[in-house]
Amino acid sequence: MPVLTRLIPSPVSVDIRRGAMDDLAGLLADQRISSSGRLAFAISGGSGAALRDKLAPVLPDADWFAVADGTIDSAVRLADGIKGKRYDAVVGLGGGKIIDVTKYAAARLGLPMVAVATNLAHDGICSPVATLDNDNGRGSYGVPTPIAVVIDLDVIRDAPVRFVRSGIGDAVSNISAIADWELSHRTNGEPVDGLAAAMARTAGEAVLRHPGGVGDDLFLTVLAEALVLTGIAMSISGDTRPSSGACHEISHAFDLLHPKRSALHGEQVGLGAAFAMHLRGAHEESRLLVEVLHRHGLPVLPEQIGFTVDEFVRAVAYAPQTRPGRFTILEHLDLSTDQIRDAYADYAKTISS
Ligand SMILES: [Zn+2]
């Protein structure tokens, strides 16, 4: 008997609009995620406190847990705090770090996790991965997909604009990640999951070709939806392939080589994607990426995020070691440091002409 369809792990509710957070209690009750209102909220010490003050009156049975940072220790501490208190679900209310810490804690306890994103810095909002700092630097941990995702555009507008723009870089980097996946298919026969690729590519293209900016609701909606769809694409493929290729290897290299100086994830992967597209000879696509990143105020050259050309060249040379087993344009070309330097000079010349 052939399998006629497949089930896709995905949230039961995705609510992206202005004022979405005001209806959070109703949404959780309606979706039978929490009928008792017994919820554990994880928040940051900073902006999380203001949101707690706003929500606490309508969620009298919720408990609030402050999360200090995005480390695995914080995630374990959160899980220990929540354990044994019969909550219906754990709500991560904050940016990427809070959401990742919450995902990991919820997974440890077998509780459903609700993501309430307060910025759009990357595609981890709805992904089956928690990225956490550990003793070896940074690790990616497989976790269940959130059961519900809430993105309130009024809250997003209050976030520092840099944290919203960062998501643009992460979304458009899908274009380069999928080109890497297809390259690996042609070169090594690695299977490409067509549905995961379709969702991630469409998400990236929608952001890439949208004429709006972070100041308008329609653009923010498309960006938020693109980040959610990219997360679901990762659930479909069972790994980060749809959204992570050479672009992300270069960014991971920055994180590992310069942990104190690295820029935002989306800033680094956007630059990585533009350079990777250039490397693969897709100069038109590279130019379009550069144009769009530049229009949104994102970096297209390493010095715009405080790195010298030498540091960039070294990061690109180191990048393949950050994801052993992943085949991208970097592993394919296997360039020497001098060749990377030449390719970078050509990239910089091409985008400035
Ligand atoms: Zn990413």
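About the thresholds
- Residues numbered from 1 in each chain as written.
- Predicted model: local features only at pLDDT ≥ 70, side-chain atom pairs only at ≥ 80, totals over all residues.
- Heavy atoms only, no water.
- Helix = DSSP H or I, 4+ residues; strand = E, 2+ residues; numbered from the N terminus.
- Rg over C-alpha atoms; globule rule 2.2 N^0.38 Å.
- Buried < 20%, exposed > 50% of the residue type's maximum accessible area, 1.4 Å probe, protein only.
- Contact = heavy atoms within 4.5 Å.
- Lys, Arg positive; Asp, Glu negative; His and termini not counted.
- Charge placed at Lys NZ, Arg CZ, Asp CG, Glu CD.
- Donors = N, O, S within 2.8 Å, 3.2 Å for Na, K, Ca; no water.
- Tetrahedral: all angles 85-135°; square planar, octahedral: opposite > 155°, others 65-115°.
- Pairing = 2+ DSSP bridges.
- Axes fitted to C-alpha atoms, helices over the stretch in contact; angles between N-to-C directions.
- Salt bridge = Lys/Arg side-chain N within 4 Å of Asp/Glu carboxyl O.
- Parallel < 35°, antiparallel > 145°, perpendicular 65-115°, else oblique.
- Left-handed = near helix turned anticlockwise from the far one by under 90°.
- Nonpolar A, V, L, I, M, F, W, Y, C, P; charged D, E, K, R; others polar.
- Core = buried A, V, L, I, M, F, W, Y, C linked by side-chain atoms within 4.5 Å.
- Polar contact = N/O pair within 3.5 Å; in protein donor to acceptor, adjacent residues only side chain to side chain.

Engineer: I would appreciate a short explanation of the overall build of the protein in the present structure.
Structural biologist: Scanning the protein for helices and strands turns up 14 helices and eight strands. Whereas a compact globule of 353 residues would reach a radius of gyration of roughly 20 Å, the protein reaches 20 Å, a difference of no more than 12%. Within the protein, the proportion of its 353 residues that are buried is 56%. Here the analysis covers contacts within the protein between residues at least 6 apart in sequence; of these, 74% occur between residues at least 24 apart. In the protein, which carries 32 positive and 42 negative side-chain charges, the distance between the mean positions of the two groups comes to 3 Å.

Engineer: Whenever I open this one, the coordination of the zinc ion confuses me. Can you help?
Structural biologist: For a metal bound by four donors in a tetrahedral arrangement, the ideal donor-metal-donor angle is 109.5 degrees, while six donors in an octahedral arrangement ideally sit at 90 or 180 degrees. Coordination sphere of the zinc ion, protein contribution only: Asp170 (OD), Asp170 (OD), His248 (NE2) and His265 (NE2), at 2.1 to 2.8 Å. Coordination at the zinc ion is irregular: its four donor atoms span angles of 50 to 145° at the metal. Taking relative accessible area as the criterion, aspartate 170 reaches 0% and is therefore assigned buried. Judged by its relative accessible area of 6%, histidine 248 is buried.

Engineer: Looking at this structure, how should I read the pairing of strand β7 (residues 137-142)?
Structural biologist: One face of the sheet, then the other: side chains in a regular strand alternate in exactly this way. The pairing of strand β6 (residues 129-134) with β7 spans six bridges and is classified as antiparallel. Across the sheet, asparagine 134 pairs through a bridge with glycine 137, a residue of β7. Between β6 and the antiparallel strand that follows it, β7, lie two residues.

Engineer: Would you take a moment to explain the sheet that holds strand β8 (residues 148-152) for this structure?
Structural biologist: Within a sheet, neighbouring strands are paired by backbone hydrogen bonds and run either parallel or antiparallel to one another. Strand order in the open sheet made by the six strands is β1-β8-β5-β4-β2-β3, with parallel pairing throughout. Each edge of the sheet is formed by a strand with only one pairing partner; in this case those strands are β1 (13-17) and β3 (63-67). Here the strands of the sheet are splayed against their neighbours by 15° on average, with no regard to which way each runs. When β1 meets β8, the two strands line up parallel, connected through five bridges. From the neighbouring strand, aspartate 15 faces β8, where its bridge partner is valine 150. This element, helix α4 (residues 96-109), spans β2 (39-44), β3, β4 (89-94) and β5 (113-117) of the sheet and lies at about 165° to β4.

Engineer: Teacher, can you tell me more about the pattern of salt bridges here?
Structural biologist: Opposite charge on two side chains allows them to pair when their charged atoms are near. Taken as a whole and judged by the stated rule, the model has 20 salt bridges. Between aspartate 217 and arginine 18 there is a salt bridge, and its shortest N-O distance comes to 3.1 Å. Taken together, the positions of aspartate 217 in helix α8 (residues 217-237) and arginine 18 in the loop between β1 and α1 (24-30) put the pair 199 residues apart, joining distant regions of the chain. One salt bridge in this structure joins arginine 138 and aspartate 133, with 2.7 Å as the shortest N-O distance. Its relative accessible area of 46% is what places arginine 138 among the partly exposed residues. Each of Arg18, Asp154, Arg157 and Asp217 takes part in one network of salt bridges that share partners.

Engineer: So what exactly am I meant to see when it comes to the packing of helix α9 (residues 246-257) against helix α10 (residues 265-279) here?
Structural biologist: Each pair of packed helices gets described by two things: the angle between the helix axes and the distance between those axes. Contact geometry of α9 with α10 gives a least axis separation of 7 Å together with a crossing angle of 130°. In this view, α9 runs oblique relative to α10, as classed from their interaxial angle. For α9 against α10, the interelement crossing comes out right-handed. On α10, the residues touching Ala246, Cys247, His248, Ile250, Ser251, Phe254 and Asp255 of α9 are His265, Gln268, Val269, Gly272, Ala273, Phe275 and Ala276. Residue composition of the contact of α9 with α10, grouped by class: eight nonpolar, five polar and one charged.

Engineer: Would you take a moment to explain the nonpolar core for this structure?
Structural biologist: The tendency in soluble globular proteins is for nonpolar side chains to be buried as a group. Ranked by internal contacts, the top residues of the largest apolar core, which has 97 residues, are Leu120, Ile151, Val207, Leu223, Phe275 and Tyr347. It is α8 that provides the largest number of residues to this core, a total of eleven residues. Setting aside chain neighbours within four positions, we find leucine 120 in contact with Ile125, Ile151, Ile156, Phe163, Val164, Ser166, Gly167, Leu220, Leu223, Ala224 and Leu227. Counting residues in each nonpolar core, the second largest holds 21 residues, with Leu24, Leu39, Leu59 and Val91 among its members.

Engineer: Any chance you could explain the environment of glutamine 339 here in plain terms?
Structural biologist: The residue glutamine 339 is located in helix α14 (residues 337-352) in this model. The spacing of glutamine 339 and serine 176 is 163 residues in sequence and 20 Å in space, taken between C-alpha atoms. A polar side-chain atom of glutamine 339 sits 2.8 Å from the main-chain amide nitrogen of serine 336.

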